[in-house]
Amino acid sequence: MVIKIVTDSTSDLPSDLAESLGIEVVPLNVHFGTDVYKDRVNLMPDKFYDMLVNGDVFPSTSQPSVGEFVDVYERMASGADGIVSVHVSEKVSGTMNSARLASEQARVDCPIEVVDTFQASMGVGMVAVEAARVANSGGDMSQVTLAAKNAISRCQCFVLLETLEYLQKGGRIGKAQAMIGNLLKIRPLIIVQEGEVHPLGKERTRRKGIAKLLSTCNEFAPLAGVAVMYSTSSDEAHALAKDLSELMEGDQEPMVLQFGPTLGTYVGPDALGIGLISAEASD
């Protein structure tokens, strides 16, 4: 059986990992005024954060079009027995809707299963990776879909923000809430649960915020996979990854990667996050 895996760029999957597993990543759009960029195609993270911090225009984002998904599905369907398309929560993005409509319109001879992960960033990425591993080991459509849905139940994503400014500018929280948080110099933590962003905690210092990230990971250990995400401060991410190594199964090591432009629009500079998948319970 040949089952192809598709995801979107909110997954923050490193390009080398996606390529090695045969995962097709459909980019979201990032708008700076009238200029439109493709996430990680013609707008890489370092350039994006420079524009975000030093530019005069605040960006916005939009989902891939239905037509873009149709093109991907029709291209990937050649020689495939099925396509499993794994995406960011429908509650925070229109990407799932575009993928679903495209799955109905694409002229293909194989089934397409569109899966809502109810997650963002590497909460999506971990699900896509699990699905790809089963697909690459010869799993059929039902086995790959089941692997994705099983992974969803074990994935978590939470983030330490330096400021609420970018969530407010991006329309994800109110201006008053952001103003109070900034006046009190609070470092907010957020977590994605049931497809929506919820508060995880508020810390007065960055050091305590990072400690909260670590303690939250402990709640989900042992871990089958971990990614430490950062927007602009890689040193902290590598230090956190080292601390998380002991929570992982076997001799695995956490991945360290950068939030892409789509997520970066909302988390802003100096954000630090965790995407993880808990180990399956032993019988």
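Residues numbered from 1 in each chain as written. Predicted model: local features only at pLDDT ≥ 70, side-chain atom pairs only at ≥ 80, totals over all residues. Heavy atoms only, no water.

## Points about the overall build of the protein chain
Now for step 1: When you go through the protein chain residue by residue, the secondary structure sums to 11 helices and 13 strands.
Now for step 2: In terms of overall dimensions, the protein chain is globule-like: its C-alpha atoms have a radius of gyration of 18 Å, near the 19 Å expected for 283 residues.
Now for step 3: With the C-alpha coordinates of the protein chain rotated into their principal frame, the extents come out at 55 × 50 × 30 Å.
Now for step 4: Across the 283 residues of the protein chain, 53% fall into the buried class. (Helix = DSSP H or I, 4+ residues; strand = E, 2+ residues; numbered from the N terminus. Rg over C-alpha atoms; globule rule 2.2 N^0.38 Å. Buried < 20%, exposed > 50% of the residue type's maximum accessible area, 1.4 Å probe, protein only.)

## Focus: the sheet that holds strand β4 (residues 35-38)
Where strands meet in a sheet, backbone hydrogen bonds hold them as pairs that are either parallel or antiparallel.
Now for step 1: Pairing is antiparallel across the open sheet formed by 3 strands, whose spatial order is β4-β3-β5. On the outer flanks of this sheet lie β4 and β5 (60-62), each paired with one strand and no other. Going across the sheet, the axis of each strand differs from the next one's by a mean of 30°, ignoring polarity.
Now for step 2: As paired strands, strand β3 (residues 29-32) and β5 are joined by 3 bridges and run antiparallel to one another. The residue bridging H31 from the neighbouring strand is S60, located in β5.
Now for step 3: With respect to the sheet, helix α2 (residues 45-54) is in contact with β3 and β4, its orientation differing from that of β3 by roughly 35°. (Pairing = 2+ DSSP bridges. Axes fitted to C-alpha atoms, helices over the stretch in contact; angles between N-to-C directions. Contact = heavy atoms within 4.5 Å.)

## A look at the packing of aromatic side chains
Now for step 1: Counted under the stated rule, the structure contains 6 aromatic pairs.
Now for step 2: Centroid distance F48 to Y49: 5.0 Å. Interplanar angle 75°. Geometry classified as edge-to-face.
Now for step 3: Since its relative accessible area comes to 5%, Y49 is described here as buried.
Now for step 4: Among the aromatic residues, those joined into a ring-pair cluster are F32, Y37, F48 and Y49. (Phe/Tyr/Trp six-rings, centres within 6.5 Å; stacked < 30°, edge-to-face > 60°.)

## Focus: the nonpolar core
Now for step 1: Of all hydrophobic cores here, the largest spans 52 residues; its most connected members are I5, L13, I23, V84, L161 and F259.
Now for step 2: No other element matches the 9 residues that helix α5 (residues 122-136) contributes to this core.
Now for step 3: If near-sequence neighbours (up to four positions away) are discounted, V84 is found in contact with I3, K4, I5, V6, E113, V115, M141, V144 and T145. (Core = buried A, V, L, I, M, F, W, Y, C linked by side-chain atoms within 4.5 Å.)

## With respect to the packing of helix α3 (residues 66-76) against helix α4 (residues 95-105)
Now for step 1: At a closest axis distance of 8 Å, the pairing of α3 and α4 adopts a crossing angle of 50°. It follows from the interaxial angle that α3 and α4 lie oblique. Between α3 and α4 the crossing geometry is right-handed. Seen from α3, the contacting residues are V66, F69, V70 and Y73; seen from α4, they are T95, S98, A99, L101, A102, S103 and Q105. (Parallel < 35°, antiparallel > 145°, perpendicular 65-115°, else oblique. Left-handed = near helix turned anticlockwise from the far one by under 90°.)

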